[in-house]
Amino acid sequence: RDWSSDVCSSDLMILPWNRSELAIVFNMEQCNAITDALEQAGIDCHVKARDRTSPGLSMGSRERSGTLFQEHRWMYTIYVLRRDLPAARAATGLR
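Just so we're clear, the structure is a prediction, and the values are computed from it rather than from any experiment.

### Details of the nonpolar core
Grouped together as the largest cluster of nonpolar side chains are 15 residues, with contacts concentrated most on Leu-22, Ile-34, Leu-38, Ile-78 and Val-80. Secondary structure elements with two or more residues in this core: β2 (19-25), α1 (28-40), β3 (45-51), β4 (74-81) and α3 (85-92). In this structure Leu-22 touches Ile-34, Leu-38, Ile-78, Tyr-79, Val-80, Leu-85, Ala-88, Arg-89, Thr-92 and Leu-94, once residues within four positions along its chain are discounted.

### Here we look at the side chain of Thr-35
Note that Thr-35 resides in helix α1. Engagement of the side chain of Thr-35 in a polar contact is seen with the backbone oxygen of Asn-32, the distance being 3.3 Å.

### With respect to the pairing of β3
Counting buried positions along β3 gives five out of seven residues, so the element sits mostly inside the fold. Here β3 runs beside β4; their pairing, made up of seven bridges, is antiparallel. Residue Asp-51 lies in a different strand from β4, and its bridge partner there is Trp-74.

### Focus: the packing of α1 against α3
Following both chains from N to C, one finds α1 and α3 inclined at 115°, their axes separated by 9 Å at the closest point. For the crossing formed where α1 meets α3, the hand is right-handed. The segment α1 lies against α3, with Ile-34, Ala-37 and Leu-38 engaging Ala-88, Ala-91 and Thr-92. When the residues that make up the contact of α1 with α3 are grouped by side-chain class, the tally is five nonpolar, one polar and no charged.

### Concerning α1
Its 13 residues place the ends of α1 18 Å apart at the C-alpha level, agreeing with the 18 Å of an ideal helix rising 1.5 Å per residue. Every buried residue of α1 is listed here: Cys-31, Asn-32, Ile-34, Thr-35, Ala-37 and Leu-38. Buried residues in α1 make contact with β2, β3, β4 and α3. The N-cap residue of α1 is Asn-27: its side-chain oxygen and the backbone nitrogen of Glu-29 are 3.1 Å apart. The positive-phi residue at the C-terminal boundary of α1 is Gly-42, with phi of around 75°.

### Here's the deal with the pattern of salt bridges
This structure, assessed with the given rule, holds two salt bridges. One salt bridge in this structure joins Asp-51 and Arg-73, with 2.8 Å as the shortest N-O distance. On the criterion of sequence distance, the pair formed by Asp-51 in strand β3 and Arg-73 in the loop between α2 (62-65) and β4 is long-range, its members being 22 residues apart. Among the residues examined, Asp-51 registers a relative accessible area of 17% and is labelled buried. Salt-bridge contacts for Arg-83 lead to Asp-84; the nearest nitrogen and oxygen are separated by 3.8 Å. Residue Arg-83 is classed as exposed on the basis of its relative accessible area, which comes to 67%.

Conventions used here
- Residues numbered from 1 in each chain as written.
- Predicted model: local features only at pLDDT ≥ 70, side-chain atom pairs only at ≥ 80, totals over all residues.
- Heavy atoms only, no water.
- Core = buried A, V, L, I, M, F, W, Y, C linked by side-chain atoms within 4.5 Å.
- Buried < 20%, exposed > 50% of the residue type's maximum accessible area, 1.4 Å probe, protein only.
- Helix = DSSP H or I, 4+ residues; strand = E, 2+ residues; numbered from the N terminus.
- Contact = heavy atoms within 4.5 Å.
- Polar contact = N/O pair within 3.5 Å; in protein donor to acceptor, adjacent residues only side chain to side chain.
- Pairing = 2+ DSSP bridges.
- Axes fitted to C-alpha atoms, helices over the stretch in contact; angles between N-to-C directions.
- Left-handed = near helix turned anticlockwise from the far one by under 90°.
- Nonpolar A, V, L, I, M, F, W, Y, C, P; charged D, E, K, R; others polar.
- Expected span 1.5 Å × (residues − 1).
- Salt bridge = Lys/Arg side-chain N within 4 Å of Asp/Glu carboxyl O.

Right, here's the structure in full:
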């Protein structure tokens, strides 16, 4: 999967006012494992991928953060519908 842009797994809109953050991970393998478990459980999700070297994040650019984030350049935030959060935690083993 390519999570380099915002992705919604279904036609159901997961919006800021009806979503909960399930997890933040720093590599695509972890992201895929979580989203695969959600898909198997029939739970819709939304993944927000962010380039951590982008000046838009609070740590700033590479010049300001040095090599701290070189291994974990991308940050994947996985959201589910607020009502699905308990089931999503159970399906993924996350707390």
